[in-house]
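So the chains spell out like this:
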Amino acid sequence: MNENIDKIKENYAEHYDKFNNASLAAFKGAKVYYDAQLSILKHFNLSDKHVLDIGTGNGHLVRYMLDQGAGRITSVEIDPTLYQRAKSVFDANQNVSIYQANIFDFLQQKRSEYDIVVCFDVIEHLPQNEGITLASLIYESLSPKGLCIFRTDNMANIFVGAYSRYMDITHQTGFTEFSLSHLMSFAGFTNIKIIDPSFQPFSRLARNYWLSRLIQSLLIRIQDRRIPKCLHKDIVCVGEKLA
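Below is a summary of the structure that appears in this document. (Residues numbered from 1 in each chain as written. Predicted model: local features only at pLDDT ≥ 70, side-chain atom pairs only at ≥ 80, totals over all residues. Heavy atoms only, no water.)

1. A look at the environment of Y34
Rule in force here: Runs of H or I in DSSP of at least four residues are treated as helices and runs of E of at least two as strands, each being numbered from the N terminus. Only protein chains enter the accessibility calculation, which uses a 1.4 Å probe. A residue is then buried if its area is under 20% of the maximum for its type, exposed if over 50%, and partly exposed in between. In what follows, residue pairs with any heavy atoms lying within 4.5 Å of each other are defined as contacts.
With respect to the secondary-structure elements, Y34 resides in helix α3 (residues 24-37). Taking the relative accessible area as the measure of exposure, Y34 reaches 7% and is therefore buried. Taking the C-alpha atoms as reference, Y34 lies 17 Å from L231; in sequence the two are 197 residues apart. Discounting residues that sit within four places of it in the chain, Y34 has contacts with S39, H60, L61, Y64, F120 and R151.

Here you go:
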């Protein structure tokens, strides 16, 4: 990988904080999206599940999983500032373990250890080959019937796909639901599903997405292309390990 990109990734907090912060208000904003994009987890009793969160960031997903009743959470972050920030928040919680590590090194020896792996807003920072390697390592780290959930910017979104792809110098790959599903299938996952966000009915986000989807669908149909299931700014893709 490019040495300069590696250095940027290892000291990412300054750029990250321009778009995210650790405040309660920011968590509440993130929670609205988690509720809409992780609705599949409502079908699970999380109290006996071991969840791996790849890319701790400001710890919003860890906090959300705790609120959902997850019994044990492991979270991995490469950036030292973000790691220390999250560790200071969750260090007293015996159900949470925060590690500073390269995720490839961390997963190398993990076999059938996690029930759910959530990888939000990470895979776009990797070249294609490394994205496939990450998905394969996640597959090996999951227990049978375990779930992997990826979220990344949606390149099929006509309005903000390119903006999302190039808003960050460390973004190296872009996905549509078709290419992300293909990657997960290649890594061994089955029962692969694209999750269209289920915002609260009649909320501002629900109305905005309905209108955006309508306009985009018409434009894509004019170009004689297959209309994706999800035209939101993000894709969420879920795959299962059967073996």
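2. Let's talk about unusual backbone geometry
Notably, S112 is not glycine yet its phi reads approximately 50°, a positive angle. When you line up the elements, S112 lands in the loop between α6 (103-107) and β4 (114-120). Positive phi values are uncommon outside glycine, yet D121 reaches one of about 60°. A residue is classified by how much of its surface remains accessible, and D121, at 29% relative accessible area, is partly exposed.

3. What to know about the side chain of N154
Quick note on the threshold: Pairing of N or O atoms within 3.5 Å defines a polar contact, subject to two protein rules: one partner must be a possible hydrogen donor and the other a possible acceptor, and residues neighboring in sequence count only if both atoms are side-chain atoms.
Locating N154 in the fold gives a position in the loop between β5 (142-153) and α8 (161-165). The exposure class of N154 is buried, given its relative accessible area of 2%. Of note is the side chain of N154, whose polar atom sits 2.9 Å from the backbone oxygen of H232. The residues contacting N154, other than those within four sequence positions of it, are G161, F175, T176, C230, L231, H232, K233, D234 and I235.

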